[in-house]
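# Chains, contacts and geometry: an overview
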Amino acid sequence: MAKITIDKYLCVKCGQCIMACPARIFQRKTPNDYPVCADYADETCIGCTHCLSVCPVGAITAGGRTTADCVSFADSSVPRFEQIANLARSRRSIRSYSDRAVETGTVEQMLDVVRYAPTAHNGLPVKWAALNVRKKVLELAALTAEWAKTQLPKSALLVAEWERGGDPFFRGAPCVVAAYTDETATWPAMDAAIAVETLDLCATAKRLGSCWAGYFIHAAQAKESKKAINDFLGLKDNETVQGGLMLGHIGTVAYQRIPYRPEVSVRWV
Ligand SMILES: Cc1cc2nc3c(=O)[nH]c(=O)nc-3n(C[C@H](O)[C@H](O)[C@H](O)COP(=O)(O)O)c2cc1C
């Protein structure tokens, strides 16, 4: 990232920047010293802006950004554990959707939140392609079906259902959101999975149905079908779909309880 500056007239030597920086850019010899930037700062800064977020007095600029570029938040607005536990437990893979379209603004509002999900090296490599018209979802399903046919007999039932007029790939969802990256991403699959799952949880909080679209992801990455799906989504050849989520208003399915999960397996070492 670009240049970092510390304004000594504002700095109160609290050392927060030293503790927060992942790249160990802020240094000092004793707690009485002002922090200074290491000479490798410009090369190693990952642009996470944690220094701006922790500085209590706005003494730092990083890559031309200031404290004013970072959103304030109140600890009291962060959900407590029980609320997060309920969100995590109640999130379900929904496979029944109503015909009602998802409001585009709602999808954009959720994707705006997903920007805050962590990414390796703060690379922020995830971009989105979104379809919010059932006819288009069916066209994408048709491309996914073409891939599924190459997987026979493993996917014979899916293909048969598709050929009978069913939608085994998107389960009638009116909206599909695909996460993609280009070849510059350092850890694309991991970053995209975190992003898609964050979107999944947002959808639950919005009382929308959602479900990972695994068959579509396989099809979008398979050598037989990647080009056709990329073209359909408007992606370049150097871009790859890494994740996909169905979205929609929940149809007639109504869960009465949380599905069974075995006890957690943890080995303390
Ligand atoms: C990477 C991934 C891919 C998935 N792909 C599909 C899919 O293509 N179709 C589907 O109906 N469910 C899919 N699922 C949903 C899983 O079947 C589901 O998460 C699992 O059965 C547990 O149910 P739950 O999500 O309601 O807790 C996928 C889930 C993940 C994490």
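Note that the structure is predicted; figures quoted are calculated from it, not measured.

What follows is about helix α5 (residues 104-114). Taken residue by residue, α5 has V107, M110 and V114 as its buried positions. In an axial view of α5, the angular spread of the buried residues amounts to 65°, which keeps them on one side of the axis. Exposed side of α5, more than 90 degrees from the buried face: G105, E108, Q109 and D112 are the residues found there. Elements in contact with the buried residues of α5: β5 (127-131), β6 (175-182), α8 (188-205) and β8 (239-248).

A word on the environment of E43. Structurally, E43 is set in helix α2 (residues 41-44). A residue is classified by how many C-beta atoms lie within 10 Å of it, and E43, with 10 of them, is exposed. Considering only alpha carbons, one finds E43 and K3, 40 residues apart in sequence, at a separation of 9.3 Å.

What follows concerns the sheet that holds β6. With antiparallel pairing, four strands are arranged side by side in an open sheet as β5-β6-β8-β7. The open sheet has two free edges, formed respectively by β5 and β7 (209-212), since each of these has just one partner strand. Within this sheet the neighbouring strands show an average axis-to-axis angle of 25°, counted without direction. Here five bridges tie β5 to β6, and the two strands are oriented antiparallel to one another. Paired with A129 across the strands is A178, a residue of β6. Running over the sheet, α8 touches β6, β7 and β8 and is turned about 10° from β8.

Another point: the site of the ligand. Lining the immediate surroundings of the ligand are R92, S93, R95, C211, W212, A213, G214, Y215 and P259. Of all elements in the fold, only β7 and α9 (214-221) reach the threshold of two or more residues within the shell around the ligand.

Across the junction of L152 and P153, the peptide omega takes the value 5°, indicating a cis bond. Turning to its location among the elements, P153 is positioned in the loop between α6 (134-150) and α7 (156-163). A positive phi is found at H121, a non-glycine position, where the angle reads about 60°. Looking at where H121 falls in the secondary structure, it is placed in the loop between α5 and β5. Take H121: there are 15 C-beta atoms within 10 Å of it, and that puts it in the partly exposed class. A positive phi angle, close to 50°, is found at R171, a residue other than glycine. Looking at the secondary structure, you find R171 in the loop between α7 and β6.

Turning next to the nonpolar core. In terms of nonpolar packing, the biggest core is built from 46 residues, with V176, L199, A213 and L247 touching the most fellow members. Looking at this core, the elements that each hand over two or more residues are α5, β5, α6, β6, α8, α9, α10 (226-233) and β8. Among all residues touching A213, those that are not within four sequence positions of it are F169, F170, V176, G244, L245 and M246. Counting residues in hydrophobic clusters, the runner-up holds 14 residues, among them I4, C21, A41 and L52.

Averaged over the protein, the pLDDT score is 97; the fraction of residues at 70 or greater is 99%. Per-element confidence in the protein ranges from a low mean pLDDT of 92 for α2 to a high of 99 for β7.

Cut-off values and rules
Residues numbered from 1 in each chain as written. Predicted model: local features only at pLDDT ≥ 70, side-chain atom pairs only at ≥ 80, totals over all residues. Buried ≥ 20, exposed ≤ 12 C-beta atoms within 10 Å, placed from the backbone. Helix = DSSP H or I, 4+ residues; strand = E, 2+ residues; numbered from the N terminus. Arc of directions from axis to C-beta. Contact = placed C-beta atoms within 7 Å. Pairing = 2+ DSSP bridges. Axes fitted to C-alpha atoms, helices over the stretch in contact; angles between N-to-C directions. Near = placed C-beta within 6 Å. Core = buried A, V, L, I, M, F, W, Y, C linked by C-beta atoms within 7 Å. pLDDT = per-residue confidence, 0-100.

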